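Tertiary structure, described
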Amino acid sequence: MKNKIFKNILLLGSSQGITWSMTIAYTIFVPRFLGPEGLGLLAVGWSISSLVTVVASLGNGKFLLKEIARNPEKAHKLVGAAVLINVLLGVLIWSGVLLAVNLFVTNSDLKTILLIIAIANVINLSIGPLQTAMQGFEKMQYSLYDSLFSKGVYTSLCIFFVVMGFGAVAVASAALIITIPSALLNYWWFSQVSNLNLKPRRETIKEVVKGGMAFFVMDLTLQIYLYLDALMLSVMTNETVLGYYNVPTRLFGTLMFVPMIIGNAILPALCRMAKEDPSNQVQMTRNTLNLFIAISFPIATGTTVLAAPIISLLYGKAFEPSVLVLITLAWCIIPTYLLIGIAQSLIAQDRQGLWAKINIVAACVNFVINLVLITLTQNIWNNGAIGAGITLLISEMVTTSIGLTLLSKGTLNRSSLMVLLRTIITTGVMALVLWPVRELFFLIPIGVGIVVYGLVGIIIGLIPLSYIRMALSMPRQIFKRKLHAQG
């Protein structure tokens, strides 16, 4: 089981690494050639696309993953129903959007971009259930293959188009160009493990809609929760303060890839265990939370120590007010990592409805606290972004505290306390070594921090040597299996 989970993490991590690399390349080249106006047009399209994806899928992604992990034989009918729901709702919503745009918008480029993005989004909505199903089957390698192909070709096309002098319409077209072969590949990959029934029974459609509803509420409230602070800052302050907040939140978002990869890798196993072996599911949840404790503390501490140098290097002196915001968000990392682990455990136990209700309450509380703290910090320091950061920290800590009380009895025990104590000691040593070198080029202190944390963690027993050996041997094992399969 450990080998399989490590393999899943490695494959999903490689996929995320490719996505990161391509995003960096896109960020370096495309904005320089398109300019603010072109980027603004694309931002409108991608924002609408993200919202349509949440609404049209009705939360069926997590539902499919959970059900297929437990009952693989149900894939052929559930996936077909989800594809049908996604496509029909996607077409319906986009039709309304495009009609409104044609009636009230005069910018012809924006109209064209939205039409292109709409077609690409509907195609992506049709393959979303297939990709989720493959994760349910624990065929994580297909996620890696898709990233290699779609992200690589898409970024290359975008860079080529902008360098050749084409505008935002061409960049939007690149997404559509790559979506078509990507869809064909995903349908082919899915056909290797299951059949696809695109004429589902009414009962099956009801099952998918009903099963995904709690996840839909979770996804929708999460979107509100994530964008509420920025929206309130834009209304209650000004564009400059919003800029102070935007930079740290982007950096904070990139640090979420670790728990997301681990969470997605273990969720299928958690779902099966919750049904077949609850005691092992509790143990796996404990191990996951212990891992998140051991990872989140050094990341939060390292981000705090390096906040000023990183902001100065990447964004310049003009963004100096963002440093305190980044430090505040850095300490959101610990509760946020734990929240991801808690949510995965509750989903595996079919308690997503309860978690959705907690998310709704959290969003409401977040609004009230933001209202107070943004106003207060804007009046005192002329920087309401600090208030938004503190609000997020308070919200995450309170929600995590509630989530911990919902875990199964025995999930957290003495081993969790020992992991916490060893993590604090190891992180403290890392911080002491990191502080004198913090002003060097940021990759140097990051490398120093990783080495020190790893060595001290091994010495005091925080990092088991067996895990290191397993991680190092995993690529070789995968390569050998590929050679054996080809032979």
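A brief structural summary. (Residues numbered from 1 in each chain as written. Predicted model: local features only at pLDDT ≥ 70, side-chain atom pairs only at ≥ 80, totals over all residues. Heavy atoms only, no water.)

Concerning the packing of aromatic side chains
- For the coordinates displayed, the defined rule picks out four aromatic pairs.
- Both rings, one in Phe160 and one in Phe161, keep their centres 6.0 Å apart while their planes meet at 55°; by these two values the pair is tilted.
- Overall, Phe160 belongs to the partly exposed group, its relative accessible area being 48%.
- Ring geometry for Phe161 and Phe166: centres 6.0 Å apart, planes at 90°, overall edge-to-face.
- The buried category is assigned to Phe161, whose relative accessible area is 13%.
- Residue class for Phe166 comes out partly exposed when judged on its relative accessible area of 44%. (Phe/Tyr/Trp six-rings, centres within 6.5 Å; stacked < 30°, edge-to-face > 60°. Buried < 20%, exposed > 50% of the residue type's maximum accessible area, 1.4 Å probe, protein only.)

Considerations on a nonpolar patch on the surface
- Residues Leu313, Leu314, Tyr315, Leu440, Phe441, Leu443, Ile444, Ile446 and Ile450 make up a contiguous nonpolar surface patch of roughly 840 Å² in combined accessible area.
- When contributions to the nonpolar patch are tallied by element, the ones reaching two or more residues are helix 10 (278-315) and helix 16 (443-459).
- With four residues, helix 16 is the single largest residue contributor to the nonpolar patch.
- Along the chain, the position of Leu440 falls in the loop between helix 15 (414-434) and helix 16.
- Judged by its relative accessible area of 44%, Leu440 is partly exposed. (Patch = residues over 30% accessible without salt bridge, like charges linked within 9 Å, V, L, I, M, F, W, Y side chains within 5 Å. Areas by Shrake-Rupley, 256 points an atom, 1.4 Å probe, with all protein chains shown as cover. Salt bridge = Lys/Arg side-chain N within 4 Å of Asp/Glu carboxyl O. Helix = DSSP H or I, 4+ residues; strand = E, 2+ residues; numbered from the N terminus.)

Description of the environment of Ile460
- Here Ile460 lies in the loop between helix 16 and helix 17 (465-486).
- According to the relative accessible area criterion, Ile460 is partly exposed, its value standing at 28%.
- Sequence separation of Ile460 and Thr423 is 37 residues, and the distance between their C-alpha atoms is 9.5 Å.
- Setting aside residues up to four positions removed in sequence, Ile460 forms contacts with Arg422, Ile425 and Thr426. (Contact = heavy atoms within 4.5 Å.)

Some words on the environment of Leu226
- Tracing the sequence through the fold places Leu226 in helix 7 (residues 202-236).
- In this structure, the C-alpha to C-alpha distance between Leu226 and Thr249, residues 23 residues apart in sequence, is 9.7 Å.

A short note on the environment of Thr328
- Relative to the assigned elements, Thr328 resides in helix 11 (residues 322-330).
- On the basis of relative accessibility, which here comes to 12%, the residue Thr328 falls in the buried class.
- With 62 residues separating them in the primary sequence, Thr328 and Ile390 have C-alpha atoms 6.3 Å apart.
- For Thr328, the side chain forms a polar contact with the main-chain oxygen of Leu324, separated by 2.9 Å. (Polar contact = N/O pair within 3.5 Å; in protein donor to acceptor, adjacent residues only side chain to side chain.)

Examining the pattern of salt bridges
- Evaluated as defined, the whole model comprises seven salt bridges.
- The shortest N-O distance in the salt bridge between Lys66 and Asp350 comes to 2.7 Å. Taken together, the residues span a long stretch of sequence, with Lys66 in helix 2 (residues 60-70) and Asp350 in the loop between helix 12 (333-348) and helix 13 (352-381) at a distance of 284 residues.
- We classify Lys66 as buried; its relative accessible area is 3%.
- With a relative accessible area of 41%, Asp350 lands in the partly exposed category.
- A salt bridge links Arg438 to Glu439; the shortest N-O distance between them is 4.0 Å.
- Looking at Glu439, the relative accessible area reads 60%, which means it is exposed.
- Each of Lys66, Arg70 and Asp350 takes part in one network of salt bridges that share partners.

A closer look at helix 7
- A rise of 1.5 Å per residue sets the reference length of helix 7, with its 35 residues, at 51 Å; its end C-alpha atoms lie 48 Å apart and thus fit the reference within 8%.
- Taken as a whole, helix 7 carries its principal kink of about 45° at Met213. (Expected span 1.5 Å × (residues − 1). Bend = angle between axes of the 7 residues up to and from the residue.)

Examining the packing of helix 4 (residues 108-136) against helix 6 (residues 168-191)
- Put simply, helix 4 and helix 6 touch, their axes get as near as 9 Å, and they point 20° apart. On the basis of the axis angle, helix 4 is roughly parallel to helix 6. Relative to helix 6, the crossing made by helix 4 is left-handed.
- When the residues that make up the contact of helix 4 with helix 6 are grouped by side-chain class, the tally is 20 nonpolar, eight polar and one charged. (Axes fitted to C-alpha atoms, helices over the stretch in contact; angles between N-to-C directions. Parallel < 35°, antiparallel > 145°, perpendicular 65-115°, else oblique. Left-handed = near helix turned anticlockwise from the far one by under 90°. Nonpolar A, V, L, I, M, F, W, Y, C, P; charged D, E, K, R; others polar.)

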